[in-house]
Structure formats: C-alpha cells, structure tokens
Amino acid sequence: AELINTNLTGADLTGADLTSATLISTKLIGCNLRDANLTDIKIDERTVFVSTVMPNGSIRTDSTEQIIDAQKLRQRFYGEWEDSFQGIIMHN
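Before going into details, it helps to say that this report is about the structure given with it. Quick caveat, the model's predicted, so the values are computed rather than measured.

1. Description of the overall build of the protein chain
- Counting its regular elements, the protein chain contains one helix and four strands.
- Burial status across the protein chain gives 29% buried among its 92 residues.
- Considering only contacts in the protein chain between residues 6 or more positions apart, those separated by 24 or more positions represent 7%.

2. Some remarks on the pattern of salt bridges
- Within this structure, the stated rule accounts for two salt bridges.
- Arg 46 is paired through a salt bridge with Asp 44; the nearest N and O atoms lie 2.5 Å apart.

3. Structural notes on unusual backbone geometry
- Of note, the phi angle at Asn 5 is positive, near 55°, even though the residue is not glycine.
- When you line up the elements, Asn 5 lands in the segment before β1 (27-29).
- For Asn 5, a relative accessible area of 60% gives the class exposed.

4. Here we look at the nonpolar core
- Formed by Leu 8, Ala 11, Ala 16, Leu 18, Ala 21, Leu 28, Cys 31, Leu 33, Ala 36, Leu 38, Phe 49 and Met 54, the largest nonpolar core amounts to 12 residues.
- In this view, Leu 38 contacts Leu 18, Leu 33, Met 54 and Pro 55; residues no more than four positions away in its chain are not counted.

5. Side note on the side chain of Thr 22
- Turning to its location among the elements, Thr 22 is positioned in the segment before β1.
- With a relative accessible area of 12%, Thr 22 lands in the buried category.
- Each residue touching Thr 22, except ones within four places of it in the same chain, is listed here: Ala 1, Glu 2, Leu 3, Ile 4 and Lys 42.

Rules of the game
Per chain, residues are indexed from 1 in the order of the written sequence. In keeping with the model being predicted, local features are shown solely for residues with a pLDDT of at least 70 and side-chain atom pairs are shown and tallied solely at 80 or more, while totals for entire chains, interfaces and linings include all residues. Each side-chain value is worked out from all heavy atoms of the structure, with water and hydrogens disregarded. Each helix is a run of DSSP H or I of at least 4 residues and each strand a run of E of at least 2, with the numbering of both proceeding from the N terminus. Note on classification: 1.4 Å probe, protein chains only; a residue is buried when its accessible area is under 20% of the maximum for its type, exposed when over 50%, partly exposed between these limits. Here, two residues are considered to be in contact whenever any of their heavy atoms come within 4.5 Å of each other. Note on definitions: salt bridges are taken to be side-chain nitrogens of Lys or Arg within 4 Å of carboxyl oxygens of Asp or Glu. Throughout this description, the term nonpolar core refers to a set of buried Ala, Val, Leu, Ile, Met, Phe, Trp, Tyr and Cys residues connected via side-chain atoms within 4.5 Å.

Shape descriptors only; they carry no functional weight alone.
Following this line, the structure appears as structure tokens:
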C-alpha cells in the first residue's frame, strides 16, 4: 500500500497487513495498529505518531513537544515563546 501524505487520524487498523507499505508524511494520530504487520514499512521524518497504539499494544508519540498544560499553550498564543506554534501537534 502507498499511503503517502495520508491522514489516518483515529483509524482502526487492528491486524492490518501493512508489509512494505509506504507511510511517508502520514498522520497516525490516535491510530490503532494493534497486531498489525509493519514489516519493512517506509516512513520519514514527516510521518507523525501521536497516541498511536503499536502492534505490541504500546503507545507511541514522536512529537517533538507535547503541551499538556493550558498555561504553556497560553504562553505560546500570546507570543511569549519565540517559535510560537511552529512544529506543534494539537490533539485532544
């Protein structure tokens, strides 16, 4: 399968055979990959894993930074941090 630049947010891919799939620039946010076959998948630095259930049941989050605290989010919104919202993934 070629799932290039695909949004799989919330997808249930339980038990899917993704052998040799291309997942370049794909969003796997909240995606369920439990028991999926990920042998030889192709991903890149733009493939996003956030709250992704991996085949073994573990949760994978690769985002560069998670903001859980509302105060930190407000600081970004009001420009107290130089890089503002660049590179942030907002989920839930």
